[in-house]
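What follows is each chain in one-letter form.
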Amino acid sequence: MVSRLFHLSCCLLLSSALFAQELVCSGDFILTLSQDADSSHFYFVDIDGGQSAEINFNQFSIVQSPYLNAIGYRRDEDYIYGIANNTQDLYRVDAVGNATFIQHYDELDAGAAYNAGDITTNGRYLVVLSGETGAGAWRSKSMLLFDLESPDYNLTIIPLVTDSGNEFYSLDIAFDPLTTLLYGYDGRYGRLVTIDLNTGDVDDTTYPVSTDIEAMAALFFDSFGNLFGYAKHLNEPGIKALYQIDKTTGSGTFLLEGPLAAASDGCNCPYRIEMLKSVDPPITTSCSEVIYTFTLANTSEILQEAVRFESYFPPGFTVLEIFDNPYGGNVSGINSSELIIDDMSISPNIDSFKVKVAIGDINGGIYKSQAELLNLPPAIGYFDTSDDPKTIARNDSTIIEVTPLLLPTETFEVVSLCPETPLLLDATFEQGAFSYTWDDGTTGPILEVNEPGIYEVNAVNSCEVIDRTFEVVAVDQSFQLDLGENKILSLGDVLSIDPGITAENVSYEWSTDGENVLSCTDCPVLNQIVLESAAYHLKVTDENGCTQSDSINIEVRQIYEVFAANAFSPNNDGINDEFFIQGKPGTIINSLSIYDRWGGLVHTSTTGNSDLSSFIWNGEIPGGDIPTTGVYIWVASVQFIDGTEKILTGDLTLLR
């Protein structure tokens, strides 16, 4: 599934004395982007969906703030908190970018980097990673916990220790709103990591190394627990790539590119209610039925009551029923195109319900619809609009493609009934959702028959009633199939199976359950070199569509042997003048050596096969000496058709 992305708020922070305004937890992503790593700026960023999705940045303030590159959203107050990287000051930021100084920390190292930050899911701590700066990559050394509930915003410093013992650095961190687990991204090795908030232990061994991402500058979650990041492509300049990161595998899926930045950090507010609306199937026909699924994520940790659900479907769409609804409420709008559920109670979790919808006899095309949740608390934005999970854009309509229903032009069909074989009559229409009733009262699109005759079926959908007739005619079998008795063969033998069918207009389909590759699959006679024991199957079909099948089991004995004479007479009389070795097809002789009775080598030949003259001994030995009459020993290295190699030997008598 292509994950949806929310409306992005890319924030480049402001320092202003304007009256503080609380943020509304609308699920926005919040990014600090900096072109020079000295100051930050605020932008609202929208993802424009469609075929060519793109990120659009809309700056809403030109006032610069301190360079805040370790930020988090605190839902208890609806403010952003962050550490100024250059001054070691804690700031609070409101909805219009006003940055308010909170506290200075002398104990923080002015030469360190503070690039990664987020706020715990319970809102108590701003968690920041500090690290070394200088040539090369930063090294994350400590985890800083700023207590936002203490009067003096007390600071706790916890050393970071990796499981691998290697150094690591992470440019941002993010808490999973569902599991509260803290995630980071190791920029040194390019992998997802998890960090223990209590001990500072960094798990940098579970996830694999990425081959695409060099640095993940900003991390953020949505309300469904999906993890996203703003990253730097490997060996490419700047931070500009938007990724979704799989928490199970650690792999990143590239989504699209945004504006180039020298530095950034990310946070968001996933503590709210959000809704996905999907449809199955996404492509259908008129006069059919589909299932819409509404998935709700409530990460506000509060039971939301008296919520109103509204979904308006296009004209020609009719709501038939709602099922698997865990939220309760008063349902209205069944048998109409407007579904309303009042007084829903949405518990803090992720769940869903389904709605069956009938599509009438409408024109083909793309149809869109959305749903809304109303009566939500002001702190989470009063309402939420459904989102299509298959697109990148946020809060976009769910689409379904409807094609015209193509009905058959012929409703009468003649079919053959083969001897002693039940016939399955299939009245299924390729398009549309029909219910079927046969003339004997049987329901369903398929009817099994054993007798010739006339069979009728009535097919009904929301738009059409179609009567279809099958005339079943008995036919004779034009052949009999028998592959014979099972056989025992040796390795490399040729198996020949001839079913002996003389009927014309028949087709053959050979198969085997072994590893042998068949020499043919549609030939009348199978000729096959056998390598292993296996069953061979044949299915024969005649012109009436009648079929017969049979099988034969072939046992293959693994006998590794070659054939060689035990005597020869190299006297040039044209009779038995040469010694050579022969094997079955596929046998390869790698070498042949001849030794006398005292173990002296008198002949050797290598590289070839059983048909090459290089493996023939004519009775001569190097130097022109004439070997004496007597017994010699041959030794051959042989590779057989199944790949097995053997060293074989034998006696050879030379006669003069």
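Residues numbered from 1 in each chain as written. Predicted model: local features only at pLDDT ≥ 70, side-chain atom pairs only at ≥ 80, totals over all residues. Heavy atoms only, no water.

Draft legend 1. Main features of the overall build of the protein. Within the protein, the regular secondary structure consists of zero helices and 54 strands. Taking all 656 residues of the protein together, 48% fall into the buried category. Summed over its atoms, the accessible surface of the protein is roughly 30,100 Å², and 48% of this surface lies on carbon and sulfur atoms. (Helix = DSSP H or I, 4+ residues; strand = E, 2+ residues; numbered from the N terminus. Buried < 20%, exposed > 50% of the residue type's maximum accessible area, 1.4 Å probe, protein only. Areas by Shrake-Rupley, 256 points an atom, 1.4 Å probe, with all protein chains shown as cover.)

Draft legend 2. Up close: the packing of aromatic side chains. Taken as a whole and judged by the stated rule, the model has 19 aromatic pairs. Measuring from ring centre to ring centre gives 4.7 Å for Phe-429 and Phe-434, while their planes differ by 50°; the resulting arrangement is tilted. Residue classification places Phe-429 among the buried residues on the basis of a relative accessible area of 9%. Phe-434 gets classed as buried once you look at its relative accessible area, which sits at 13%. By way of ring pairs, the aromatic residues Phe-568, Phe-579, Trp-617, Tyr-632 and Trp-634 are connected into one cluster. (Phe/Tyr/Trp six-rings, centres within 6.5 Å; stacked < 30°, edge-to-face > 60°.)

Draft legend 3. A look at the pairing of strand β7 (residues 68-74). The element β7 is extensively covered by neighbouring structure, given that seven of its seven residues are classed as buried. Direction of pairing for β7 relative to strand β8 (residues 79-84): antiparallel, over a ladder of five bridges. Bridge assignment links Arg-74 to a residue of β8, and that residue is Tyr-79. Between β7 and β8, which pair antiparallel in sequence order, lie four residues; one of them, Asp-78, sits at a positive phi of approximately 60°. (Pairing = 2+ DSSP bridges.)

Draft legend 4. Up close: the pattern of salt bridges. Per the stated rule, a full pass over the model turns up 13 salt bridges. Between Arg-272 and Glu-274 there is a salt bridge; the shortest N-O distance is 3.9 Å. In this pair, the class of Arg-272 matches that of Glu-274, namely buried. Bridged by salt links that share partners, the residues Arg-139, Glu-167 and Arg-188 form one connected network. (Salt bridge = Lys/Arg side-chain N within 4 Å of Asp/Glu carboxyl O.)

Draft legend 5. A look at the sheet that holds strand β36 (residues 412-417). Strands sit in the order β36-β41-β40-β38 across an open sheet of four strands; the sheet is mixed. Single-partner strands in this sheet number two, and they are β36 and β38 (435-438). Direction aside, neighbouring strands of the sheet carry axes that sit 25° apart on average. Pairing of β38 with strand β40 (residues 453-460) involves four bridges; the strand directions are antiparallel. The residue of β40 that forms the bridge with Thr-437 is Asn-458. (Axes fitted to C-alpha atoms, helices over the stretch in contact; angles between N-to-C directions.)

Draft legend 6. Just the state of the cysteines, in detail. One pass over the full model with this rule turns up two disulfides. In this model, Cys-418 is linked to Cys-546 through a disulfide, with the two sulfur atoms separated by 1.8 Å. Residues Cys-418 and Cys-546 are joined through a disulfide that is left-handed, its torsion about the S-S bond being -95°. Placement of Cys-418 in the loop between β36 and β37 (423-426) and of Cys-546 in the loop between β46 (534-541) and β47 (547-557) is noted, with a sequence separation of 128 residues between them. Put simply, Cys-520 and Cys-523 are joined by a disulfide, and their sulfur atoms are 1.6 Å apart. For Cys-520, a relative accessible area of 18% gives the class buried. (Disulfide = S-S within 2.5 Å.)

Draft legend 7. How the structure looks around the nonpolar core. If you look at the biggest cluster of nonpolar residues, it comprises 43 residues, and the most contacted ones within it are Trp-510, Tyr-536, Phe-579, Trp-617 and Trp-634. Discounting residues that sit within four places of it in the chain, Trp-510 has contacts with Leu-483, Ile-497, Pro-499, Leu-518, Cys-520, Thr-521, Asp-522, Cys-523, Pro-524, Leu-526, His-537 and Leu-538. Counting 29 residues, the second largest nonpolar core, distinct from the first, contains Val-319, Ile-346, Val-357 and Ile-380. (Core = buried A, V, L, I, M, F, W, Y, C linked by side-chain atoms within 4.5 Å. Contact = heavy atoms within 4.5 Å.)

Draft legend 8. Structural context of the environment of Glu-257. Here Glu-257 shows up in strand β23 (residues 252-261). A sequence separation of 17 residues divides Glu-257 from Lys-240, and the C-alpha atoms of the two residues are 5.4 Å apart.

Draft legend 9. Quick peek at unusual backbone geometry. Cis geometry is found at the peptide bond from Asp-280 to Pro-281, where omega equals 0°. Along the chain, Pro-281 falls in the loop between β25 (273-280) and β26 (283-285). The phi torsion at Thr-180 lies on the positive side, around 65°, for a residue other than glycine. Along the chain, Thr-180 turns up in the loop between β16 (170-175) and β17 (182-186). Thr-180 gets classed as partly exposed once you look at its relative accessible area, which sits at 43%. A positive phi angle, near 65°, is found at Glu-301, a position not held by glycine. As for its position among the elements, Glu-301 is in the loop between β27 (288-298) and β28 (304-312).

Draft legend 10. Inspection of the sheet that holds β8 at higher detail. With respect to topology, four strands assemble into an open sheet ordered β7-β8-β9-β10, the strand pairing being antiparallel. Pairing within the sheet leaves two strands with one partner each, and these edge strands are β7 and β10 (99-104). Each adjacent strand pair in this sheet contributes to an overall mean axis angle of 25°, direction not counted.

Draft legend 11. Quick peek at a nonpolar patch on the surface. A surface patch of nonpolar side chains, amounting to about 350 Å² of accessible area, comprises Phe-412, Val-414, Ile-454 and Val-473. Along the chain, Val-414 turns up in strand β36. (Patch = residues over 30% accessible without salt bridge, like charges linked within 9 Å, V, L, I, M, F, W, Y side chains within 5 Å.)

Draft legend 12. Structural detail: the confidence of the model for the protein. Averaged over every residue, the pLDDT of the protein is 84; the share at 70 or more is 86%. No element of the protein has a lower mean pLDDT than strand β1 (residues 8-10), at 37, and none a higher one than strand β30 (residues 330-332), at 97. (pLDDT = per-residue confidence, 0-100.)

Draft legend 13. A look at the environment of Ile-119. Within the fold, Ile-119 resides in strand β11 (residues 113-119). The exposure class of Ile-119 is buried, given its relative accessible area of 1%. As for Ile-119 and Phe-175, which are separated by 56 residues in sequence, their C-alpha atoms are 7.5 Å apart. Filtering out sequence-adjacent residues up to four positions away, Ile-119 remains in contact with Gly-72, Tyr-73, Arg-74, Tyr-81, Tyr-125, Leu-126, Leu-148, Phe-175 and Tyr-271.

Draft legend 14. Quick look at a negative patch on the surface. A cluster of acidic residues, Asp-439, Asp-440, Glu-456 and Asp-467, forms a negative patch on the protein surface. Summarising the element assignment, Asp-439 is placed in the loop between β38 and β39 (446-449). We classify Asp-439 as partly exposed; its relative accessible area is 48%. (Lys, Arg positive; Asp, Glu negative; His and termini not counted. Charge placed at Lys NZ, Arg CZ, Asp CG, Glu CD.)

Draft legend 15. Here's a closer look at the environment of Ile-400. Positionally, Ile-400 belongs in strand β35 (residues 398-403). With residues near it in sequence (within four places) discarded, Ile-400 still touches Val-279, Pro-281, Pro-282, Thr-284, Val-290, Tyr-292, Phe-317, Ile-359, Gly-365, Ile-366 and Tyr-367.

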